[in-house]
Amino acid sequence: MGKITIAVDGYSSTGKSTIAKRLATALGYIYVDTGAMYRAVTLYALNNGFIGTQDDIPGLVKQLPKIKLKFVPNKETGRSEMYLNGENVEEEIRTMKVSRQVSKVAAIGEVRTKLVEMQQQMGKDKGIVMDGRDIGTVVFPEAELKLFMTASPEIRATRRYKELLDKGEKVTFAEVLKNVQERDRIDSTRSISPLKKAKDAIEFDNSDMGLEEQFERIHEFAKRVIAKEG
Ligand code: DC
């Protein structure tokens, strides 16, 4: 059976990455978290003073060729982790410090061009599950299977809040909810590749459903698409 391309898009903290990762494992496909790539560029911009109290977007754009991103599998867990210029930044890119700034960096055209090219290269042989915001619309408009994940902002903020508390971050629920809503707004209204459901994407709302139950449904569905299109 041939392999297909699976695009998983949707709002932040909708369980996209959990579903996409499990789907990739179950199908023996590669999993790529494109949000990690935008987060790593944001971390670079923060560490080098291109964003913060004052933003220097042209300065950041000039440095883009110096930003080397790589996913490396962790030897113990097998999970792929993000490396920025040779350094493991997997944990740091998930902090609120990065979440607060990432939508701004993801709205820069030159950043998107660079990352979209890398993503298309990673998926050129198919057999990939890629999660993000513009995978079904821009990166792989020809993907055989497109999923669009949604859930209410409150449910998403609750999930994210728990994750951050587990990691020991000192945040309030109100701050996390505000960040989720603010990112929704910026990500869906930016002029370049805004977050929007591709016409041929299938929408899954998991506000009232466990991710486990949803995964089973999506997995069955994916197997049918692979049998037909693969
Ligand atoms: O999936 P995430 O929450 O880790 O993504 C972080 C940010 O990156 C998100 O606010 C929007 C942006 N993003 C994007 O613009 N395009 C993608 N393909 C993936 C993420």
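To be clear, the structure that these remarks concern was listed above.
What counts as what
- Residues numbered from 1 in each chain as written.
- Predicted model: local features only at pLDDT ≥ 70, side-chain atom pairs only at ≥ 80, totals over all residues.
- Heavy atoms only, no water.
- Pairing = 2+ DSSP bridges.
- Helix = DSSP H or I, 4+ residues; strand = E, 2+ residues; numbered from the N terminus.
- Salt bridge = Lys/Arg side-chain N within 4 Å of Asp/Glu carboxyl O.
- Buried < 20%, exposed > 50% of the residue type's maximum accessible area, 1.4 Å probe, protein only.
- Core = buried A, V, L, I, M, F, W, Y, C linked by side-chain atoms within 4.5 Å.
- Contact = heavy atoms within 4.5 Å.
- Axes fitted to C-alpha atoms, helices over the stretch in contact; angles between N-to-C directions.

Engineer: Could you give an account of the sheet that holds strand β4 (residues 80–84), naming the residues involved and the relevant values?
Structural biologist: Across the sheet, which stays open at both edges, the three strands sit in the order β3-β4-β5 with antiparallel pairing between neighbours. At either margin of the open sheet sits one strand with a lone partner, and together these are β3 (69–73) and β5 (87–88). Direction of pairing for β4 relative to β5: antiparallel, over a ladder of two bridges. When the sheet's bridge partners are listed, tyrosine 83 is paired in β5 with asparagine 88.

Engineer: Pulling in residues and values, what's your account of the pattern of salt bridges?
Structural biologist: Counted under the stated rule, the structure contains 17 salt bridges. Between aspartate 33 and arginine 94 there is a salt bridge, with its nearest N and O atoms 3.1 Å apart. Here arginine 94 lies in the loop between β5 and α4 (96–106) and aspartate 33 lies in strand β2 (residues 30–33), a separation of 61 residues in the sequence. Its relative accessible area of 12% is what places aspartate 33 among the buried residues. Close ionic contact of glutamate 220 with lysine 223 constitutes a salt bridge, the shortest N to O distance being 3.3 Å. On the criterion of helical spacing, the pair formed by glutamate 220 and lysine 223 is a turn pair, its members being three residues apart in helix α9 (residues 211–229). Taking the relative accessible area as the measure of exposure, glutamate 220 reaches 40% and is therefore partly exposed.

Engineer: Tell me about the nonpolar core, residues and numbers included.
Structural biologist: Grouped together as the largest cluster of nonpolar side chains are 34 residues, with contacts concentrated most on Val41, Ile67, Leu69, Met82 and Val111. Residue assignment for this core shows that the elements contributing at least two residues are α2 (34–47), β4, α4, α5 (109–122), β6 (128–132) and α6 (135–139). With eight residues, the single largest contributor to this core is α2. Those residues in contact with isoleucine 67, other than ones at most four positions away along the chain, are Val41, Tyr44, Leu60, Leu84, Asn85 and Lys114. The next biggest cluster of nonpolar side chains, apart from the first, holds 20 residues, and it includes Ala20, Leu23, Ala24 and Tyr29.

Engineer: I'd like a rundown of the side chain of histidine 219, residues and numbers included.
Structural biologist: Tracing the backbone through its elements, the reader meets histidine 219 in helix α9. Under the relative-accessibility criterion, histidine 219 is labelled buried at 13%. Not counting residues within four places of it along the chain, the set of residues in contact with histidine 219 comprises Leu23, Ala26 and Leu27.

Engineer: Residues and numbers for the sheet that holds β2, please.
Structural biologist: Taken in spatial order, the five strands make up an open sheet running β2-β6-β1-β7-β8, and their pairing is parallel. With one partner strand each, in any of the chains shown, β2 and β8 (202–205) form the two edges of the open sheet. Sheet twist, expressed as the average angle between the axes of neighbouring strands with direction ignored, equals 20 degrees. Strand direction decides the pairing type here: strand β7 (residues 145–150) and β8, joined by four bridges, are parallel. Across the sheet, the residue bridging to methionine 149 is phenylalanine 204, located in β8. Where helix α1 (residues 16–27) meets the sheet, its contacts fall on β1 (5–10), β2, β6 and β7, and the angle it forms with β6 comes to roughly 175 degrees. Sheet strands in contact with α2 are β2 and β6, and its direction is about 40 degrees off that of β2.

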